[in-house]
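The chain contents come next:
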Amino acid sequence: MKVGFLIASVEQGFVYAVMALGVYLTFRILDFPDLTVDGSFPLGAAIAAKMIVNGSSPLISTFMPLIFGALAGIITGLLHTKGKITGLLAGILTMIALYSINLRIMDKPNIPLLREETIITMVSGLGLPKWLPSLALFVVFALIIKLFLDWFLFTEIGLAIRATGDNPHMIRSLGANTDNMKILGLAISNALVAFSGGLVAQYQGFADVGMGIGMIIAGLAAVIIGEVVFGAGGIKRATIAVVGGSILYRLAIAAALLSGLRPSDLKLITALLVVFALSTPRVKALLSQNKTAVDG
Amino acid sequence: MLKIQDVTKYFNLNTVDQKLALSQVSIDLNEGDFMTVIGSNGAGKSTLLNIIAGVHSVDQGAVLLDGKNILVLPEYRRALYISRIFQDPMKGTAPNMTVEENLSMAMARGKKRGLRKGISRGNREMFKESLAQLELGLEDRLNDKVGLLSGGQRQAITLLMSTITSPKLLLLDEHTAALDPKTGSKIVELTEKIVSDNNLTTMMVTHNMEQALSLGNRLIMLHGGKVILDLKDDQKKRMTVDGLLYEFERSRGEKFVDDRVILAN
Ligand SMILES: Nc1ncnc2c1ncn2[C@@H]1O[C@H](COP(=O)(O)OP(=O)(O)O)[C@@H](O)[C@H]1O
Ligand SMILES: [Mg+2]
């Protein structure tokens, strides 16, 4: 039972790492707190689930959310850059709009996938031991996306996106259109988030219109825990730290549940975790300041 | 090659805060000219450079580069032709990216960016050589984040980034003012060397009159948004600091007279 919990947490760690890598791209690379995530995650779930119950191939149903997640990101990007709406509000607007859109896609608040053919049952059909298929699948997806980001963020466009988050003034003076860089970053980020949503729906056996609530905070938790525990030197280090952070976060959640907390307490735990982790660097800085003061 | 014709710029036009920042400014730069720009605080020097670079629009007038009207191009499109450096050494570089990444982005100035590798191996040797010429020990720090470097080192890298692709026009806005005097004169030295090695057409704002006189072949003085002095070659060579101060006082006097006339009405 404990082992089951452990495997489930690690599986979840990898599948949500895909979402967390998206959050890393906006939050850390673009310096853009993008709340679209709470809408684009269930968007991906809704699309994948609806397509599967309508009889589409699990493969296409799994990858279709990438496209629509990207569109959601583009809309937030356009609201922000062309509509001159602050990033925070632009994300909230898209998120709220997506709530209605997701319900339209699903026709009802919940789509069960229990006896449907999903990408997980597809892989299970290959005759692997029972515990392996989801884990293997999610490890592969998380690592492919990590490697994709490691490559992309060192291309010419990738450097320009990073500079847009780091010093927009400077990269504009070097001839990059920072508006387009933001839109592109938001598109990729939300594509990953929606993709993760589609996978999670197939993994847990249903899509639910409320499954995105607090997703941005879960993503942030993974990013920040990863940074605190594994450090955030370069990009390659940072992306693996996000994956590690996502696993640790899910383990922490499992531990909280095992210790008797209710599932409904988890959002509070997550919020506290993020507050704690966000203040940790500050705590560290304070400690070292005191130390130099004492030394000096 | 750079023609500024009758440029007038207001800030907050038609509001109570309306401010005339440039008034019918006309300047003509030839290929290879190095113009220093002086004037008191608020004279409009930064505004002038910002208009050329595309940060601000104009209310009247034209700016031509090689005969082409560049006022229709957004800032990021002018980057292909125009490089600039600011007073704040933090502004010209991305602190969380490495020296090499910063220089690589400068190599791509104004070009279409694609999915090619952002850092090419071939450039690395060239970066090392250019950095070695700065004599700041930066050639061994290609993989360090720029944020770890001192203000002077960052400004030197900015200088390299601005000139590595030989832009048509180099705009410098008090780019040594925030540095300590020793580092500042080192950067000025480097500026002079790089500008003359590459024969770059340059406009350099400075508040140091001696510097303004010793550098370059052109000098203009701005006051209250107007060009009150425009010196070329020999005229510039003959000019002294006292002469500049005299011109400055004279323009203030005239302004004073203007004010009295207004008050009298
Ligand atoms: N963005 C702005 N908005 C309003 N006023 C401005 C702005 N930028 C500059 N000004 C005003 O325009 C005048 C010229 O400023 P500036 O070009 O920065 O002078 P300087 O010669 O010191 O560089 C000043 O009076 C300044 O207050
Ligand atoms: Mg100024």
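Remember, it's a predicted structure, so these values are computed and weren't measured experimentally.

The rules behind each value
Residues numbered from 1 in each chain as written. Chains lettered and ligands numbered in written order. Predicted model: local features only at pLDDT ≥ 70, side-chain atom pairs only at ≥ 80, totals over all residues. Heavy atoms only, no water. Patch = residues over 30% accessible without salt bridge, like charges linked within 9 Å, V, L, I, M, F, W, Y side chains within 5 Å. Areas by Shrake-Rupley, 256 points an atom, 1.4 Å probe, with all protein chains shown as cover. Salt bridge = Lys/Arg side-chain N within 4 Å of Asp/Glu carboxyl O. Helix = DSSP H or I, 4+ residues; strand = E, 2+ residues; numbered from the N terminus. Buried < 20%, exposed > 50% of the residue type's maximum accessible area, 1.4 Å probe, protein only. Near = heavy atom within 4 Å. Polar contact = N/O pair within 3.5 Å; in protein donor to acceptor, adjacent residues only side chain to side chain. Nonpolar A, V, L, I, M, F, W, Y, C, P; charged D, E, K, R; others polar. Phe/Tyr/Trp six-rings, centres within 6.5 Å; stacked < 30°, edge-to-face > 60°. Lys NZ or Arg CZ within 6 Å of the ring centre and 35° of its normal.

### Observations regarding a nonpolar patch on the surface
All names here are of chain A. Together, L88, L89, I92, L93 and I96 make up a nonpolar patch on the protein surface, roughly 420 Å² of accessible area in all. On the secondary structure map, I96 appears in helix α4 (residues 87-106). According to the relative accessible area criterion, I96 is exposed, its value standing at 52%.

### Quick notes on the site of ligand 1
Residue and element names in this part refer to chain B. Inspection of the region around ligand 1 gives F11, N12, K19, A21, S40, N41, G42, A43, G44, K45, S46 and T47 as its neighbouring residues. G42 has a polar backbone atom sitting 2.8 Å from an oxygen atom of ligand 1. Taken by itself ligand 1 offers 560 Å² of open surface, and the protein chains cover 64% of this. Among the secondary structure elements, those contributing two or more residues to the shell around ligand 1 are β2 (19-29) and α1 (45-53). Considering each element in turn, the shell around ligand 1 owes the most residues, three residues, to α1. Split into classes, the residues belonging to the shell around ligand 1 amount to three nonpolar, seven polar and two charged.

### Structural notes on the packing of aromatic side chains
All names here are of chain A. Under the counting rule described, the total for this entry stands at eight aromatic pairs over all chains. An aromatic cluster is present here, built from F63, F141 and F195 joined pairwise through their rings. When the ring centre of F154 is taken as origin, the NZ or CZ atom of R162, which lies over that ring, is 5.0 Å away.

### Looking at unusual backbone geometry
Residues and elements named next belong to chain B. Of note in this structure, Q24 is not a glycine but carries a positive phi near 45°. In this fold, Q24 is placed in strand β2. Its identity is not glycine, yet E174 carries a phi of approximately 45°, on the positive side. Assignment of secondary structure puts E174 in the loop between β7 (169-173) and α6 (181-198). Judged by relative accessible area, which is 12%, E174 ranks as buried.

By themselves, these observations are geometric and do not establish any function.
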